[in-house]
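# Fold and contact review
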Amino acid sequence: MIKDKTVAVVVPAYNEETQIGMVIETMPDFVDRIIIIDDLSKDKTVEIVNQYKISNDRIELIEHKKNQGVGGTIASGYKYARDHDFDIAVVMAGDGQMDPAELPRVIEPVANGDVDYTKTNRLLSGEAYEKIPRVRYIGNAALSFLTKIASGYWHIADSQSGYTAINKKALHTIDWDKMYKRYGQPNDLLVKLNIYNFKVRDVITEPVYNVGEQSKMNIKKVIFTISWLLLRLFFYRLKQKYIIRDTHPLILFYFSGLSLILISIPLLVRFIWVWIATEHIPKVNFLAWMMTVIMGFMFIFFAMWFDMDNNKELR
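This write-up is about the structure you can find in this document. As the structure is a computational prediction, the values presented were derived from the model and not from experiment. (Residues numbered from 1 in each chain as written. Predicted model: local features only at pLDDT ≥ 70, side-chain atom pairs only at ≥ 80, totals over all residues. Heavy atoms only, no water.)

This next bit is on the pairing of strand β3 (residues 59–63). One ladder, built from 5 bridges, connects strand β2 (residues 33–38) with β3; its direction is parallel. Bridge assignment links I34 to a residue of β3, and that residue is I59. A crossover connection joins β2 to the parallel β3 through helix α2 (residues 45–55); in handedness this β-α-β unit is right-handed. (Pairing = 2+ DSSP bridges. Helix = DSSP H or I, 4+ residues; strand = E, 2+ residues; numbered from the N terminus. Right-handed = clockwise from strand over helix to strand, strands pointing away.)

The following block contains the structure:
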């Protein structure tokens, strides 16, 4: 326990036979339960965990009969923590990339009741650009920007960080059976937390790499997949939060802005076609295109401003 709050650590694991032992051995003493979810590993992960279970009664092993991806694995751990009424559930990967020494700092804002959910932010640490592989750093920064827009949490960054803590209220509110099951799980969860107006905070930590982990992520594929997911989540959040659950004029600003941007596309095509065909600039066409683009972006920026202001209390 920490500050009279029971703590369960969810450890998603897939082919982590070389790392899982280190994760178990370095788990802080205040952790009440270590929930290891094996996502149908093909190596000796389950065998190694069972060996540790003999001498460590904090370990609970859940074995998936079908591979569900990292998101589905985390959801299984969250449901166990929810059903066993833990006050705080933490996620720490089974590859040893999440420093257990940082765990008290990650949990503290949740344990104090200041926020409902915390996540680590590796991008703002002093040496992040040097420690994080360059492609991952740039990709994470780009996805973080898109996640700000999609989730409404404009103050957060490092959206792909999986080192998180969540309180009992959020555990019992979110429908974990509908959680995105692959690498977009952190982004999906942030959107759902925002819909229910849960408070979220970043905890700046140092990135951990080269501890024996083996990345299972296809960076190029994941970036495009998550970007498409974020677009869908953006419209889902607007519908749920600002139409179904409440009403806000930012919906009209977003709708007007996006409509004008779409209208500007055929105007631009016609402008280019006439210019090439006649070798003269169609002035009225050009002015119409320019005005739709300017007004479109103005409406969108105003909508973002309203969204930022509406969510400023969720820090």
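After that view of the structure, there is still more to cover.
On to the packing of helix α10 (residues 250–278) against helix α11 (residues 283–310). Running from N to C, α10 and α11 point in directions that differ by 155 degrees, and their axes come no closer than 7 Å. Comparing their axes, α11 and α10 come out roughly antiparallel. The way α10 lies across α11 gives a crossing that is left-handed. Of the residues that constitute the contact of α10 with α11, the class distribution is 22 nonpolar, 6 polar and 2 charged. (Axes fitted to C-alpha atoms, helices over the stretch in contact; angles between N-to-C directions. Parallel < 35°, antiparallel > 145°, perpendicular 65-115°, else oblique. Left-handed = near helix turned anticlockwise from the far one by under 90°. Nonpolar A, V, L, I, M, F, W, Y, C, P; charged D, E, K, R; others polar.)

This part is about the packing of helix α6 (residues 134–151) against helix α8 (residues 185–195). Between α6 and α8, the shortest axis-to-axis distance is 9 Å and the interhelical angle comes to 30 degrees. Considered as vectors, α6 and α8 are oriented roughly parallel to each other. In this structure, α6 meets α8 at a crossing whose hand is right-handed. Each of T147, A150 and S151 in α6 lies in contact with α8, whose residues at this interface are N187, L190, V191 and N194. Split by residue class, the contact of α6 with α8 holds 3 nonpolar, 4 polar and no charged. (Contact = heavy atoms within 4.5 Å.)

The 7 strands are arranged β3-β2-β1-β4-β6-β5-β7 in an open sheet whose pairing can be described as mixed. Looking at strand neighbours, the two that pair on one side only are β3 and β7 (200–204), the edges of this open sheet. Between one strand axis and the next, the sheet turns by 20 degrees as a mean value, whatever way the strands run. Across 4 bridges, the pairing between strand β4 (residues 88–91) and strand β6 (residues 164–167) is antiparallel. If you follow V91 over to β6, its bridge partner there is T164.

Even without being a glycine, D85 presents a positive backbone phi close to 60 degrees. Looking at where D85 falls in the secondary structure, it is placed in the loop between α3 (69–83) and β4. Even without being a glycine, N197 presents a positive backbone phi close to 60 degrees. Note on placement: N197 falls in the loop between α8 and β7.

A contiguous nonpolar patch, built from M291, I294, M295, M298, F302 and W305 and spanning about 570 Å² of accessible area, is present on the exposed surface. Within the secondary structure layout, M298 lies in helix α11. (Patch = residues over 30% accessible without salt bridge, like charges linked within 9 Å, V, L, I, M, F, W, Y side chains within 5 Å. Areas by Shrake-Rupley, 256 points an atom, 1.4 Å probe, with all protein chains shown as cover. Salt bridge = Lys/Arg side-chain N within 4 Å of Asp/Glu carboxyl O.)

Within strand β5 (residues 117–121), 5 of the 5 residues are buried, leaving the element largely enclosed by the surrounding structure. Burial along β5 is two-sided: Y117, K119 and N121 facing one way and T118 and T120 facing the other are all buried. Summarising the sheet, β5 and β6 pair through 3 bridges and their orientation is antiparallel. Note that in β6 the partner of K119 across the bridge is T164. Sheet topology places β5 next to β7; 5 bridges connect them, and they run parallel. Within β7, the position partnered with T120 by the bridge is V203. (Buried < 20%, exposed > 50% of the residue type's maximum accessible area, 1.4 Å probe, protein only.)

Among all positions of helix α4 (residues 103–111), only L103, V106, I107, P109, V110 and A111 are buried. The inward-facing, buried residues of α4 contact β1 (7–13), β4, β5, β6 and β7. Positive phi shows up at G113, right after α4, with a value of about 80 degrees.

This part is about the nonpolar core. Of all hydrophobic cores here, the largest spans 31 residues; its most connected members are V9, I36, V90, L103 and I107. Among the secondary structure elements, those contributing two or more residues to this core are β1, α1 (20–25), β2, α2, β3, β4 and α4. Per element, the largest residue contribution to this core is 5 residues, and it comes from α4. With sequence-adjacent residues up to four places away left out, V90 is seen in contact with V7, A8, V9, V10, L103, I107, Y163, T164 and A165. (Core = buried A, V, L, I, M, F, W, Y, C linked by side-chain atoms within 4.5 Å.)

Below, the discussion takes up the environment of E108. Following the sequence through the fold, E108 ends up in helix α4. A C-alpha to C-alpha distance of 10.0 Å links E108 and V203, two positions 95 residues apart in sequence.

Below, the discussion takes up the packing of aromatic side chains. With the rule as written, the count across this model stands at 13 aromatic pairs. Centroid distance F271 to F286: 5.5 Å. Interplanar angle 45 degrees. Geometry classified as tilted. Placement of F271 in helix α10 and of F286 in helix α11 is noted, with a sequence separation of 15 residues between them. What makes F271 buried here is its relative accessible area of 7%. Here the aromatic rings of W305 and F306 are separated by 6.4 Å at their centres, their planes lie at 5 degrees, and the arrangement is stacked. Given a relative accessible area of 53%, W305 falls into the exposed group. (Phe/Tyr/Trp six-rings, centres within 6.5 Å; stacked < 30°, edge-to-face > 60°.)

Geometric descriptors of this kind do not, in isolation, establish any biological role.
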